[in-house]
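Summary of structural features
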Amino acid sequence: MNIKHFIATYIIVFAFWLLLSAHFDSFHVGAGIICSLVVAYGTHDLLFTGTGNHTLTKTLRFIAYLPWLIYQIVLANIDVAKRALSPRMPIDPRVVKFKTILRGDVARTALANSITLTPGTVTIDIVDDVFYVHAIAKEPADDLLEGAMERRIAHVFMED
Amino acid sequence: MTGALLFGTIGMVDVFLAMAILIVMASFVSLYRGIEGPGIFNRIIAVNVIGTKTIVLLVLIGFIYERPDFFDIALVYAILNFIMTIAATRY
Amino acid sequence: MSDTTMITNMLTIMLLLVGVFFMLAGTIGFVRFPDFYSRMHATGKCDTLGEGLMLVALIVYGGATFVSVKILFLITFILLANPTSTHAIAKAAYDVGLEPWRSFDSEEVAWLNTDNTGNTGNASNTGNSGEGRAGEDGGEGR
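Residues numbered from 1 in each chain as written. Chains lettered and ligands numbered in written order. Predicted model: local features only at pLDDT ≥ 70, side-chain atom pairs only at ≥ 80, totals over all residues.

Side note on the overall build of chain C
Across its full length, chain C carries four helices and zero strands. Its helices and strands taken in sequence order, chain C reads α-α-α-α from the N to the C terminus. The buried share among the 142 residues of chain C stands at 43%. Long-range pairs, those at least 24 residues apart, make up 69% of the contacts in chain C between residues at least 6 apart in sequence. (Helix = DSSP H or I, 4+ residues; strand = E, 2+ residues; numbered from the N terminus. Buried ≥ 20, exposed ≤ 12 C-beta atoms within 10 Å, placed from the backbone. Contact = placed C-beta atoms within 7 Å.)

Some remarks on the overall build of chain B
The number of helices and strands found in chain B is four helices and zero strands. By residue count, 38% of the 91 residues in chain B fall in the buried class. Considering only residue pairs separated by 6 or more positions, chain B has 44% of its internal contacts joining residues 24 or more positions apart.

Structural notes on the sheet that holds strand S2 (residues 121-127) of chain A
All names here are of chain A. Spatially, the three strands line up as an open sheet ordered S1-S3-S2, and their pairing is antiparallel. Only two strands of the sheet have a single neighbouring strand rather than two, namely strand S1 (94-99) and S2. When strand polarity is set aside, the average angle formed by the axes of neighbouring strands in this sheet is 25 degrees. Two strands pair when backbone bridges link them, and S2 and strand S3 (residues 130-135) are joined in this way by six bridges, in the antiparallel orientation. The residue bridging Thr 121 from the neighbouring strand is Ala 135, located in S3. Against the sheet, helix H5 (residues 138-146) touches S1, S2 and S3, its axis set at about 5 degrees to S1. (Pairing = 2+ DSSP bridges. Axes fitted to C-alpha atoms, helices over the stretch in contact; angles between N-to-C directions.)

Observations concerning the interface of chain B and chain C
Listed as interface residues are 35 residues of chain B and, on the opposing side, 39 residues of chain C. Every element with two or more residues in the side of chain B that touches chain C is listed here: helix H1 (2-9), helix H2 (12-36), helix H3 (40-64) and helix H4 (69-90) of chain B. Looking at the side of chain B that touches chain C element by element, the count peaks at 11 residues for H3(B). Grouping the constituent residues of the side of chain B that touches chain C by class yields 26 nonpolar, eight polar and one charged. (Nonpolar A, V, L, I, M, F, W, Y, C, P; charged D, E, K, R; others polar.)

Digging into the pairing of S2(A)
Burial runs high along S2(A): five of the seven residues are buried. In sequence, S2(A) turns back onto S3(A) through a hairpin of two residues, with A:Asp128 there showing a positive phi of about 50 degrees.

A short note on the confidence of the model for chain B
Considering every residue of chain B, the mean pLDDT works out to 82; 88% of them sit at 70 or more. Scored below 50 in pLDDT, residues 1-5 of chain B makes two contacts in the model with residues more than four places away or belonging to other chains. (pLDDT = per-residue confidence, 0-100.)

Overview of the pairing of S3(A)
Where S1(A) lies against S3(A), six bridges are found, and the strand directions are antiparallel. When the bridges of S3(A) are listed, A:Arg94 appears paired with A:Ala135.

Considering the confidence of the model for chain C
Chain-level pLDDT for chain C is 70 on average; 67% of the residues reach the 70-or-more range. When mean pLDDT is compared element by element in chain C, helix H1 (residues 3-32) of chain C scores highest at 85, while helix H4 (residues 106-115) of chain C scores lowest at 44.

What to know about the nonpolar core
Judged by nonpolar contacts, the single largest core of 85 residues is most densely connected at B:Val59, C:Leu55 and C:Leu58. Other than its neighbours up to four places away in sequence, C:Leu58 contacts B:Val59, B:Phe63 and C:Ile71. (Core = buried A, V, L, I, M, F, W, Y, C linked by C-beta atoms within 7 Å.)

Considerations on the packing of H3(B) against helix H3 (residues 66-96) of chain C
Helix packing geometry: the angle between the two helix axes and the distance between the axes. The interhelical angle for the contact between H3(B) and H3(C), taken along N-to-C directions, is 175 degrees, at an axis separation of 11 Å. Our classification of the angle between H3(B) and H3(C) gives roughly antiparallel. Contact residues: B:Phe41, B:Ile44, B:Ile45, B:Asn48, B:Thr52, B:Ile55 and B:Val59 in H3(B); C:Ile71, C:Leu74, C:Asn82, C:Ser85, C:Ile89, C:Ala92 and C:Ala93 in H3(C). For the contact of H3(B) with H3(C), the class distribution of residues is 10 nonpolar, four polar and no charged. (Parallel < 35°, antiparallel > 145°, perpendicular 65-115°, else oblique.)

What about H3(B)?
With 25 residues, H3(B) extends 36 Å between its outermost C-alpha atoms, agreeing within 8% with the 36 Å of an ideal straight helix rising 1.5 Å per residue. After H3(B) finishes, the residue B:Glu66 shows a positive phi value of roughly 55 degrees. (Expected span 1.5 Å × (residues − 1).)

Considering unusual backbone geometry
Unusually for a residue other than glycine, B:Glu66 sits at a positive phi of about 55 degrees. Tracing the backbone through its elements, the reader meets B:Glu66 in the loop between H3 and H4.

Written out as structure tokens, the structure is:
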């Protein structure tokens, strides 16, 4: 049992308790202390699994990545809304697969979720390092295969 | 000024009510796909969509009736909806 | 009614309207699209952004309180969970062997694309990607 992880988990869980309960009398805070102890004891080895070095840099880079992601999400929604509302319904779905250069699990998860949220593509499956992606038309698939997003994620997780 | 008059007579609660009605209508449209849609996966996804709409509906209800309990319910509902979808897709 | 509340209310209503528009568009797409995987596009994206915008509108309306913190957690959770569940459903359907719907004129384009694709071996367009998987009930509903 790693005492450092236990204390960190305890502080995080207790902060969540205070934020969500928003009562600061002795009963609620006392119950929070006890409950947080139990939960932290049960889960302290789940929260910090395999965090490597450069965690701070990665976090900062991920925060810097978020605005671009939100911009892409807005573009994706306008795209889908246009396709759904236009009478001709210009869709031409296809499944595309490509090999990724990313190695870490977190990086691959981030790439999969980003693909799902950006215009015209949804991740279907990941087998080892091959992504199966469903694209709604030809152009989004071509954009994806250029790999701009993959390079951004690789930059975020320091794998380039 | 028409805007002030508008907000003086209508009020934000009515706006929230209109939004809630629109969300309920969207849920019913999704329910069509849940009943009709061929195959089990269309039904799973319809349940997921209606669940996510319900989260916003719960938060709106919390603002309309000014009862903060509903936000906790919405949070728990979001987690339950996610777990239910994952569990349903495992089998 | 002061000016600040007025601006806040206007912003709230605008965000709510945009959010509900995206949500309705996503629902229409969900009902109209011809196959299961295309419906995933409509639900996975439009619901995420529609809800995000509506909840942001309610944060703007509520101001800096504990309720807003809760809604912020809700937004974060939805942003993480909605693509993940979309991906889980798509993976389950793909494993069962549900084949994607193709429009009629796209088959030749796909083959052409495979032949002279620039990045070799990296980007093969799989028109018959259901191959090698259990495809016994591919007709079970697009």
